[in-house]
Amino acid sequence: MNPWEEPSPMLRAALAGHLRRHRGIADADPLLFDSSRSAIAALCAAVVATRDGDRGDARSDNGAAHRDGRTRARTVTLHAEDPGYRGALLVARDLGLDVRLHPADPDGLDARACGAEAAIAFTTPAHQYPLGHRMSVERRVALVEWARRTGSLVIEDDYDGEYRYGVAPLPALVTLPGADEHVAYVGTSSKSVAPDLRVAWCLPPAALRRPLERWLAVHRRGPSALPADALGEFIGSGAMDRHLARSARVYSDRRERLVTALVEECPGLEVIGVEAGLHLVVLLPRHDDEDVVRALDVAGWRTRSLTSQCAGHRVSGLVLSYARLVSRDARAFAVALRDVLAGAS
């Protein structure tokens, strides 16, 4: 069988245990994808197809009535934070969704801004990308309640939820009361293991499972069998748990060294998003972050501007990944950043 027709039973069983242990998700039966972006595309397409299937009901709230009694489906709306994950926005716009952006804030996506109509909300609540905020419990509960009340779908992208530093885990949206039929959980091996595996998973609401399976059959965006089975063995043997524990210690040390170096060499800079994940953000409100990125590149440091992740609400800063930043380089980078900022003043 092809992997999109009979996805790795070994990986699916192993993921069920992994998600129960690390994210508190019981009885998971994941669908497998080659990337989280493919899972997001499939979910958005499934919602669009479901709405289009309601056209025949002239009394439907999802469309405007034609003179012949049929309805014309309204464009599906996707709510997202800005700055945010650009991949989700590209997918939504490619599918013709009406993308509505809301300024990111430390408490997470505010359901009150999403209106009273059925829609899709895309969020990264464990470690908002790119700012790194963790969505508050109150906002989590409110977002699930909004989805339940309006018949909406929340896409929860948990791209690096395995890594937390000195803070208690917050519940995944999909585990909250009332979330079963309104939250789709998306995870990936890109951060926890390696992006080259190209393995991701999705726990969709029951009503969207068949549309997602059809999408996979048509688009053939499931993972290759060899890496899927290898990851299944890696998780099932217990090696994944040992790897996560060991890598969390390594990343925590690299994060701490980078934060310390930034505080000492660049006093006054605001560093955010340090409680989880594999990156942090340095805010640069008085600088053009694209100029800073280019200057750092000349000095031998590859960084990402925060404005490159903004679609409408511009925030200047640097997105700094420390996953590969060995300890001796943290101070050298902070010194290079200090010199670049001094030269730009």
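Each remark here, short or long, concerns the structure printed above.
Residues numbered from 1 in each chain as written. Predicted model: local features only at pLDDT ≥ 70, side-chain atom pairs only at ≥ 80, totals over all residues. Heavy atoms only, no water.

Chemist: Would you mind going over the nonpolar core in detail, with residue names and values included?
Modeler: Among the nonpolar cores identified, the biggest contains 62 residues, and Leu143, Trp146, Leu262, Leu296 and Leu337 are the most heavily contacted of them. No other element matches the eight residues that helix 7 (residues 239–265) contributes to this core. Ignoring any residue separated from it by four or fewer positions in sequence, one finds Leu337 in contact with Leu262, Cys266, Leu269, Val292, Leu296 and Leu318. Core analysis: the second largest hydrophobic core is formed by 32 residues, Ala42, Leu97, Ile120 and Leu208 among them. (Core = buried A, V, L, I, M, F, W, Y, C linked by side-chain atoms within 4.5 Å. Buried < 20%, exposed > 50% of the residue type's maximum accessible area, 1.4 Å probe, protein only. Helix = DSSP H or I, 4+ residues; strand = E, 2+ residues; numbered from the N terminus. Contact = heavy atoms within 4.5 Å.)

Chemist: Can you lay out the packing of aromatic side chains for me, pointing to particular residues and giving the numbers?
Modeler: For the structure shown, the criterion picks out five aromatic pairs. Note on Phe33 and Trp215: the rings are 6.2 Å apart at their centroids and 45° apart in plane angle, and the pair reads as tilted. Remark: Trp215 occurs in helix 5 (residues 206–219) and Phe33 occurs in strand 1 (residues 31–33); sequence separation between them is 182 residues. For Phe33, a relative accessible area of 0% gives the class buried. Of the residues examined, Trp215 reaches a relative accessible area of 14% and is grouped as buried. Centre to centre, the rings of Tyr85 and Phe122 are 6.2 Å apart; their planes meet at 35°, and the pair counts as tilted. Of this pair, Tyr85 sits in the loop between strand 4 (77–82) and helix 3 (86–94) while Phe122 sits in strand 6 (residues 120–123), and the two are 37 residues apart along the sequence. Judged by relative accessible area, which is 5%, Phe122 ranks as buried. (Phe/Tyr/Trp six-rings, centres within 6.5 Å; stacked < 30°, edge-to-face > 60°.)

Chemist: Provide a residue-level description of the pairing of strand 4, including the pertinent values.
Modeler: The buried fraction of strand 4 is high, at six of six residues. By the alternation rule, side chains of strand 4 split into Thr77, His79 and Glu81 and Leu78, Ala80 and Asp82, which are all buried. Looking at chain direction, strand 4 and strand 5 (residues 98–103) are connected through six bridges and run parallel. Bridge pairing links Asp82 to Pro103 in strand 5. Assessed by its sense of winding, the connection that carries the chain from strand 4 through helix 3 to strand 5 is right-handed. Where strand 4 and strand 6 come together, two bridges link them in parallel fashion. Across the sheet, Leu78 pairs through a bridge with Ile120, a residue of strand 6. (Pairing = 2+ DSSP bridges. Right-handed = clockwise from strand over helix to strand, strands pointing away.)

Chemist: Describe helix 6 (residues 225–236), listing the residues and the values that go with them.
Modeler: Here helix 6 is twelve residues long and its end C-alpha atoms lie 16 Å apart, about the 16 Å a rise of 1.5 Å per residue gives. By the burial criterion, the buried members of helix 6 are Pro227, Ala228, Leu231, Gly232 and Ile235. What you see down the axis of helix 6 is that its buried residues fit within an arc of 140°, all on one side. Relative to its buried face, helix 6 has exposed residues pointing more than 90 degrees away, namely Leu226 and Gly236. Residues of helix 6 that are buried make contact with helix 1 (9–23), strand 9 (200–203) and helix 7. Phi turns positive one or two residues past the end of helix 6, at Gly238, with a value near 95°. (Expected span 1.5 Å × (residues − 1). Arc of directions from axis to C-beta.)

Chemist: Provide a residue-level description of unusual backbone geometry, including the pertinent values.
Modeler: Here Asp82 and Pro83 are connected by a cis peptide whose omega angle stands at 0°. Looking at where Pro83 falls in the secondary structure, it is placed in the loop between strand 4 and helix 3. The peptide bond linking Tyr129 to Pro130 adopts the cis configuration, its omega dihedral lying at 5°. The backbone of Asp27 shows a phi angle near 55°, a positive value even though the residue is not glycine. Along the chain, the position of Asp27 falls in the loop between helix 1 and strand 1. Even without being glycine, Arg198 reaches a positive phi, approximately 55°. You can see Arg198 is positioned in the loop between strand 8 (183–188) and strand 9. By relative accessible area, which is 42% here, Arg198 ends up partly exposed.

Chemist: A description of the packing of helix 8 (residues 289–298) against helix 9 (residues 327–344) should follow, citing residues and the corresponding values.
Modeler: Here helix 8 crosses helix 9 at 125°, and the two axes come no closer than 10 Å. Relative to helix 9, the element helix 8 is oriented oblique. Crossing angle aside, the handedness with which helix 8 passes helix 9 is right-handed. For the pair helix 8 and helix 9, contact is made by Val292, Ala295 and Leu296 and by Phe333, Ala336, Leu337, Val340 and Leu341, respectively. Class assignment of the residues belonging to the contact of helix 8 with helix 9 gives a composition of eight nonpolar, no polar and no charged. (Axes fitted to C-alpha atoms, helices over the stretch in contact; angles between N-to-C directions. Parallel < 35°, antiparallel > 145°, perpendicular 65-115°, else oblique. Left-handed = near helix turned anticlockwise from the far one by under 90°. Nonpolar A, V, L, I, M, F, W, Y, C, P; charged D, E, K, R; others polar.)

Chemist: Describe in detail the sheet that holds strand 6, supporting the description with residues and values.
Modeler: Strand order in the open sheet formed by seven strands is 1-9-8-7-6-4-5, and the pairing between neighbours is mixed. Lying at the two open borders of the sheet, with one neighbouring strand each, are strand 1 and strand 5. Each strand axis lies, on average, 25° off the axis of its neighbour in the sheet, ignoring direction. When strand 6 meets strand 7 (residues 153–157), the two strands line up parallel, connected through four bridges. Across the sheet, residue Phe122 finds its bridge partner in strand 7, namely Ile155. This element, helix 3, spans strand 4, strand 5 and strand 6 of the sheet and lies at about 150° to strand 5.

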